[in-house]
Structures are given as C-alpha cells and as structure tokens.
Amino acid sequence: MRRLQALDPSEAPDKSREILSDIVARRGGVGDMVATMAHSPALLQGYLDFSRAIKRVKIPRPLSEKISLAVQEWIGCAMCLSAHTEAARAAGLSEVDIELARQGTSTDAREAALIAVAVRVLAEPSSLSDEDVAELRAHGWSDRVIAEIVGLVSLNLLTGAFNLLIGLEPDE
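What counts, and at which threshold
- Residues numbered from 1 in each chain as written.
- Predicted model: local features only at pLDDT ≥ 70, side-chain atom pairs only at ≥ 80, totals over all residues.
- Heavy atoms only, no water.
- Helix = DSSP H or I, 4+ residues; strand = E, 2+ residues; numbered from the N terminus.
- Rg over C-alpha atoms; globule rule 2.2 N^0.38 Å.
- Buried < 20%, exposed > 50% of the residue type's maximum accessible area, 1.4 Å probe, protein only.
- Contact = heavy atoms within 4.5 Å.
- Areas by Shrake-Rupley, 256 points an atom, 1.4 Å probe, with all protein chains shown as cover.
- Lys, Arg positive; Asp, Glu negative; His and termini not counted.
- Charge placed at Lys NZ, Arg CZ, Asp CG, Glu CD.
- Expected span 1.5 Å × (residues − 1).
- Arc of directions from axis to C-beta.
- Axes fitted to C-alpha atoms, helices over the stretch in contact; angles between N-to-C directions.
- Parallel < 35°, antiparallel > 145°, perpendicular 65-115°, else oblique.
- Left-handed = near helix turned anticlockwise from the far one by under 90°.
- Nonpolar A, V, L, I, M, F, W, Y, C, P; charged D, E, K, R; others polar.
- Salt bridge = Lys/Arg side-chain N within 4 Å of Asp/Glu carboxyl O.

Caption draft 1: Looking closely at the overall build of the protein chain. The helix and strand inventory of the protein chain stands at nine helices and zero strands. Here the C-alpha radius of gyration of the protein chain, 17 Å, is about what a compact globule of 172 residues would show, namely 16 Å. With the principal axes as the frame, the protein chain shows a C-alpha extent of 55 × 30 × 30 Å. Residues counted as buried form 43% of the 172 residues belonging to the protein chain. A separation of at least 24 residues holds for 69% of the contacts in the protein chain among residues at least 6 apart in sequence. Surface summary for the protein chain: the accessible area is close to 9,100 Å², and the carbon and sulfur share equals 54%. Measuring between centres, the 18 positive side-chain charges of the protein chain sit 6 Å from its 25 negative side-chain charges.

Structure follows, in structure tokens:
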C-alpha cells in the first residue's frame, strides 16, 4: 500500500517542480519513485546527482547489476529487485547469473569477492578489515573500484529504503 503519493510537477514544491519539469521535458515523464521523492527537493536533487555520479564508476555494468541485485535482495525491496533484474537481463546476464547474484555470489571468484564485500558494506560495515581490502586487491580490484563499492551500495540503500518506506511495489 502506498504511504506517500507521487507528485505531479504542478503539486510539487518550487524546486522539485523545476527539477521534475526539466526531466519531463527531456524524457517525457518521471517514474513513481522520482515523483514521490519530489516531496523533498533536497532528497530529489541529491538522488539525481548521486545517481548520475554512480553511473561513472569503473565497475562494469553487468557486475554493477549483480552487486545491486545482491544488495537489494538483502534490503528486500521488490521494486528495486524487479528493476535490477530487468537491467541485468539488458546487460546480458543469464538467469543463472541473476539468481547467483541474488544469493550474493557469482561463478567468477573475482566477482564473488567483490559482491561479498558489497553485501558486508551494507549489512556489517564494522566487520570489514585490512584482510578484506587485501583480498580484493589480490583479485585485481583497484582502489578506485574498492572505494566505488561504497557509493554503489549507498545508492541502492537509498532507493531500496525509500521505496520500502513509501510502499512502492512493482506492477504485477
């Protein structure tokens, strides 16, 4: 059940109205999550800026989707799981890849190590250690990618928690 309703640009606070109108002009519309974030101009602007920034990470798109699936499985956001499952398929992932990602792993040991750390960044960040970073480096992951994991996980937490709070569910 929806707890907060999406806003039409005409109903949104001034700054959100400007942002939503710009998106509508460029893309023809906005999704329910973005339209609902419009209740808070600061949240809406922050989400859009953060989302754009995370699109520039060095993590390959298919792996980024695997990480998002693992994190969203843990968070429990059906809306995000649905969106990332579609995105994963579009990125060329198989159904086996998608299922393994939702379980927090991969058939590729290098990817599995990164996915496991990403889930721990979400679920138990205080448990991360020098050994975890050393293991990622031993798998060939750069310090840039290691740092970017926190951003990718944080963006997924933002969207998943927001959708759960407002009661946004995927269309059946």
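Caption draft 2: Highlighting helix α5 (residues 78–90). Spanning 13 residues, α5 covers 18 Å between terminal C-alpha atoms, matching the ideal 18 Å at 1.5 Å per step. All of the buried residues along α5 are Cys80, Leu81, His84, Thr85, Ala87 and Ala88. Each buried residue of α5 sits inside an arc of 165° when the element is viewed along its axis, so together they form one side. For α5, the exposed residues set more than 90 degrees away from the buried face come down to Glu86 and Ala90. Tucked inside the fold, the buried residues of α5 contact α4 (61–75), α6 (95–102) and α9 (143–166). Two residues or fewer after α5 comes Gly92, characterised by a positive phi angle close to 95°.

Caption draft 3: A look at the environment of Arg2. In this fold, Arg2 is placed in the segment before α1 (14–27). Look at Arg2 and you get partly exposed, because its relative accessible area is 22%. A C-alpha to C-alpha distance of 9.5 Å links Arg2 and Leu164, two positions 162 residues apart in sequence. Here Arg2 is in contact with Asp32, Thr36, Ile166, Gly167 and Leu168, once residues within four sequence places are set aside.

Caption draft 4: Quick look at the packing of α4 against α6. Between α4 and α6, whose axes approach to 7 Å, the crossing angle comes to 45°. In this view, α4 runs oblique relative to α6, as classed from their interaxial angle. Considering only the axes of α4 and α6, their crossing is right-handed. Taking contact as the criterion, the partners of Lys66, Leu69, Ala70 and Glu73 in α4 are, on α6, Asp97, Ile98, Ala101 and Arg102. For the contact of α4 with α6, the class distribution of residues is four nonpolar, no polar and four charged.

Caption draft 5: Highlighting the side chain of Ser64. Position of Ser64 among the secondary structure elements: in helix α4. Among the residues examined, Ser64 registers a relative accessible area of 6% and is labelled buried. Setting aside residues up to four positions removed in sequence, Ser64 forms contacts with Ile59 and Leu152.

Caption draft 6: Spatial organisation of the pattern of salt bridges. The final tally for this structure, using the stated rule, is twelve salt bridges. Among the ionic pairs, Asp22 bridges to Arg26, the shortest N-O distance being 3.1 Å. Separated by four residues within a single helix, Asp22 and Arg26 lie in helix α1, roughly one turn from each other. Arg120 is the partner of Asp132 in a salt bridge, and the nearest nitrogen-oxygen pair spans 2.8 Å. Highlighted residues: Asp132 in helix α8 (residues 130–138) and Arg120 in helix α7 (residues 109–123), separated in sequence by twelve residues. Beyond isolated ion pairs, a larger network of salt bridges with shared partners links Arg120, Glu124 and Asp132.

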